[in-house]
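# Report on the structure
Each chain, written out:
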Amino acid sequence: MTGQSSGVAEHRASMVHRGFLYHDEEEVVSVCVPFLRAGLEADDAVVVVAAKSNVIALRDALGQDASSVQFEDALNWYQHPVRTIAAYDAYVKAEAPRRARVIAEPVWQGRTPLEVVEWARYESIVNAAFSNSGAHAICCYDRRALHPEILGYARQTHPEIIDGHGPRRSEEYTDPGPFSATCDRRPLPRAPRLAETLSINPADLDTTRVFAAERAARHGLAGDALRDMVSAVAEVATTAVRHGSAPAELRMWTDNGDLVCEMSGPGHWYPDALWGFTPPSGSEPAFGLWGVRMLCDVVQMQTDADGTTIRLRTRI
């Protein structure tokens, strides 16, 4: 697929997900152009979502074949991890039964440490979300510019790696469930002493909505952002009282330009570390935690012997 043999059997029903740690545009062209042309020959749906410099280099190298490839600027595509999964899911479904063949380049520059973890989790979740799609994807990482931690994440989240010696199996690859659980085990800083707090009344969730709306507006949220945060709080609060046990509490405060809404209480509200990261199936609620993740910039979830804590963060 890239002009090199991986030694790994490929089946149309299984996703092929490779991390490509490149050194320069010449290497991008040498690896990605044969991959793209193989897709065109197979009548795959072929798309490039990459940094502008790599889009230009690949378009030029493809010549007339470029007209059959969809090109997208990564800055427009990679704005929110779960929304990006939704966009790829829509693309794969719209192109079916053709196989999707993707050159992807997630955006890492300008991310906070928390956002870096969430985008690494995204790369891992892709393996579960599209496991039976038949999609073939190469995810590009500029090893000149990216921090070693991010390159390490690439090796943990892609079953195969291209780094001048591949494709080859990644010895560091971790399945999505354990990888996501590791992300959630990072300790959450304690809520500040001055955080505004409300005990959630299972019989009167409207009070929770009003409390969240008033505090969010006071901290500067308005319009769609305000409505989205209140909807997300209401969904998590409903889950807390249905599947947890009293007392559950809502705390709200600001942190580094984010509005933080935290709900915590006894009980385990969600079944596993992947819950809400993949599009809901017919047996799952249409909104649920998937909808919450779509509405908020970052959702942090921790479950331990004391219960469950969910933190919703939205940029003010």
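Residues numbered from 1 in each chain as written. Predicted model: local features only at pLDDT ≥ 70, side-chain atom pairs only at ≥ 80, totals over all residues. Heavy atoms only, no water.

As recorded in an unreviewed UniProt entry, the protein goes by Serine/threonine protein kinase and comes from Streptomyces cuspidosporus.

If you look at the biggest cluster of nonpolar residues, it comprises 41 residues, and the most contacted ones within it are Y78, Y88, W108 and Y141. Sorting the residues of this core by element identifies β2 (45–50), α3 (74–77), α4 (81–95), β4 (100–104), α5 (113–129), β5 (136–142), α6 (148–157) and α7 (176–184) as the ones contributing at least two each. Counting residues per element, this core draws most heavily on α5, which supplies 7 residues. Contacts of W108, omitting those with residues within four sequence positions, involve V116, W119, A120, Y141, L146 and I150. Among the nonpolar cores identified, the runner-up in size contains 30 residues, and A237, A240, L259 and Y270 belong to it. (Core = buried A, V, L, I, M, F, W, Y, C linked by side-chain atoms within 4.5 Å. Buried < 20%, exposed > 50% of the residue type's maximum accessible area, 1.4 Å probe, protein only. Helix = DSSP H or I, 4+ residues; strand = E, 2+ residues; numbered from the N terminus. Contact = heavy atoms within 4.5 Å.)

To continue, consider the pattern of salt bridges. Summed over the entire model, instances satisfying the criterion amount to 23 salt bridges. Among the salt bridges present, the one from E196 reaches R218, with a minimum N-O distance of 2.8 Å. Of this pair, E196 sits in strand β8 (residues 196–200) while R218 sits in helix α8 (residues 205–218), and the two are 22 residues apart along the sequence. Residue class for R218 comes out exposed when judged on its relative accessible area of 54%. Linked through salt bridges whose partners overlap, the residues forming this network are E196, E214, R215 and R218. (Salt bridge = Lys/Arg side-chain N within 4 Å of Asp/Glu carboxyl O.)

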